[in-house]
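# Structure assessment
For reference, the chains in residue letters:
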Amino acid sequence: MNKNIIIRSSFGHEIFALWVAKLFNSKVFICPDKDSEEEYNTEAKKIRIQMSFFASGLETAPFSKKAETLANGWDIVKDLRAGKLPRGFWKKLAKVSLRPTATDGLPEYAQLQNRQNILVIMQKWLSDNGCGITAKQQSLPVEVFGFLRKMLQNLVFGQHFHKVNDLAGVEAVAKAYDMYVPGLSENPEVLGIRGILHAKYYNMYKALAGSVGIAGTHTWYLLAMFPETPQIILYNRNGVEDWEEIAEAMRKGGRKVWAVGFDENTDFSVLAKEIEEKYLEIFG
């Protein structure tokens, strides 16, 4: 593979794109989906600031060469969403990982030290709608996670949320599950997650013993940066990714990754039991 890889925004799928670039030793070009040069350059700068944490050498395609860059590059995110990735792709990808370009000055998470921390994502309150389904369709009733109340691990709230409009709801869930919320009791600059630099959560992810919850940016972050971290990925089967296939390939590559699917016909009481059993198998 010698094609340049294209990224057009800065969410979880773009972390995946940089992960693929590492696998194939490909150059990465930032090429935002903007029609005016001013908007294009402004967006490209934002993307570079976000994504340069995961890989060095990112280049911005000149606006005048946007069409040429798209025609000659590999829009891997587009292919992922269209289900066009080749067989055997995921097993190869499981063998590589990304490393941060720099970690100096990033927030420390003192309250997570020396604890068995599990990232929990019960629902999607905000979404880039890039998975073929809405945030609501990706979400599960909080009751599905009721078993977590009796677990001994330290639960970490992993949902993206609006730090003003959604804060009361976040605090209610955190209280019900005795859950740590990034930014609420330390590092106030990281409250909300959406729109904040991915780099600022690096030390939080580094402190995790595992993750259970709805697939999202955190899933790609952990897969790409922390291959040793176990994950139980919950996903709506109507979405664009085949998480069962991905998880199986990750396990064949030596990782501890499992996927549990659901859809509009799922019996949530049965699903809750399945998730609990898998959780106990992994985390005890």
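Here's a quick rundown of the structure.

Thresholds, definitions, all that
- Within every chain, residues take consecutive numbers counted from 1 along the sequence as written.
- Confidence filtering applies because this is a predicted model: local features only for residues at pLDDT of at least 70, side-chain atom pairs given and counted only at 80 or more, and all residues used for totals across whole chains, interfaces and linings.
- As a convention, hydrogens and water are excluded, and side-chain values are obtained from all of the structure's heavy atoms.
- Any Lys or Arg side-chain nitrogen found within 4 Å of a carboxyl oxygen on Asp or Glu counts as a salt bridge.
- Counting from the N terminus, the helices are DSSP H or I runs at least four residues long and the strands are E runs at least two residues long.
- The buried label goes to any residue with under 20% of its type's maximum accessible area, the exposed label to any with over 50%, and the partly exposed label to all in between, with areas taken from a 1.4 Å probe on protein chains only.
- When the strands point away from the viewer and the connection leading from the first strand across the helix to the second strand turns clockwise, the crossover is called right-handed.
- Each aromatic pair joins two rings of Phe, Tyr and Trp (for Trp, the six-membered one) with centres within 6.5 Å, and gets the label stacked for planes under 30 degrees apart, edge-to-face for over 60, and tilted for any other angle.
- Definition used: whenever NZ (Lys) or CZ (Arg) falls within 6 Å of the ring centre and also within 35 degrees of the ring normal, the charge is taken to sit over that ring.
- Lines fitted to the C-alpha atoms define the axes, with helices restricted to the stretch that makes contact. Angles between their N-to-C directions range from 0 to 180 degrees.
- Each angle gets one of four labels, with under 35 degrees taken as roughly parallel, over 145 as roughly antiparallel, 65 to 115 as roughly perpendicular, and the rest as oblique.
- Left-handed is the label given to a crossing in which the near helix is rotated counterclockwise from the far helix by less than a right angle, and right-handed is the label when the rotation is clockwise.
- For this analysis, residues touch if any pair of their heavy atoms sits within 4.5 Å.
- Ten residue types, Ala, Val, Leu, Ile, Met, Phe, Trp, Tyr, Cys and Pro, are classed as nonpolar, four, Asp, Glu, Lys and Arg, as charged, and the remainder, Gly among them, as polar.

### Overview of the pattern of salt bridges
Per the stated rule, a full pass over the model turns up 7 salt bridges. As a salt-bridge pair, R8 and D33 come within 3.5 Å of each other at their nearest N and O atoms. On the criterion of sequence distance, the pair formed by R8 in the loop between β1 (5-7) and α1 (12-24) and D33 in the loop between β2 (28-30) and α2 (37-51) is long-range, its members being 25 residues apart. According to the relative accessible area criterion, R8 is partly exposed, its value standing at 26%. Assessed through its relative accessible area of 54%, D33 is described here as exposed.

### Looking at the pairing of strand β9 (residues 257-262)
A large share of β9 lies buried, amounting to 6 of its 6 residues. Alternating residues of β9 divide into V257, A259 and G261 and W258, V260 and F262, and every residue in both groups is buried. Taken together, strand β8 (residues 231-236), helix α10 (residues 243-252) and β9 form a β-α-β motif whose crossover is right-handed.

### Focus: the packing of aromatic side chains
Applying the stated criterion across every chain yields a total of 16 aromatic pairs. Judged by centre distance (4.2 Å) and plane angle (35 degrees), the ring pair of Y205 and Y221 falls under tilted. Of the two residues, Y205 sits in helix α8 (residues 202-206) while Y221 sits in helix α9 (residues 217-225), which places them 16 residues apart along the sequence. Here the two residues Y205 and Y221 agree in accessibility, since each one is buried. Arranged with centres 4.9 Å apart and planes meeting at 45 degrees, the rings of W220 and W243 form a pair that is tilted. Of this pair, W220 sits in helix α9 while W243 sits in helix α10, placing them 23 residues apart in sequence. Comparing W220 with W243, the two get one shared label, buried. Ring pairs connect the aromatic residues F53, F54, Y202, Y205, Y221 and F226, which therefore count as one cluster. Directly above the ring of Y177 sits R149, whose terminal nitrogen or CZ lies 4.3 Å from the centroid.

### Some points on the packing of α9 against α10
One way to put it is that α9 packs onto α10 with a least axis distance of 13 Å and a crossing angle of 20 degrees. As the angle between them shows, α9 and α10 are arranged roughly parallel. For the element pair α9 and α10, the recorded crossing hand is left-handed. Counted together, T219, W220 and L223 of α9 and W243, I246 and M250 of α10 form the full contact between these two elements. A per-class count over the contact of α9 with α10 returns 5 nonpolar, 1 polar and no charged.

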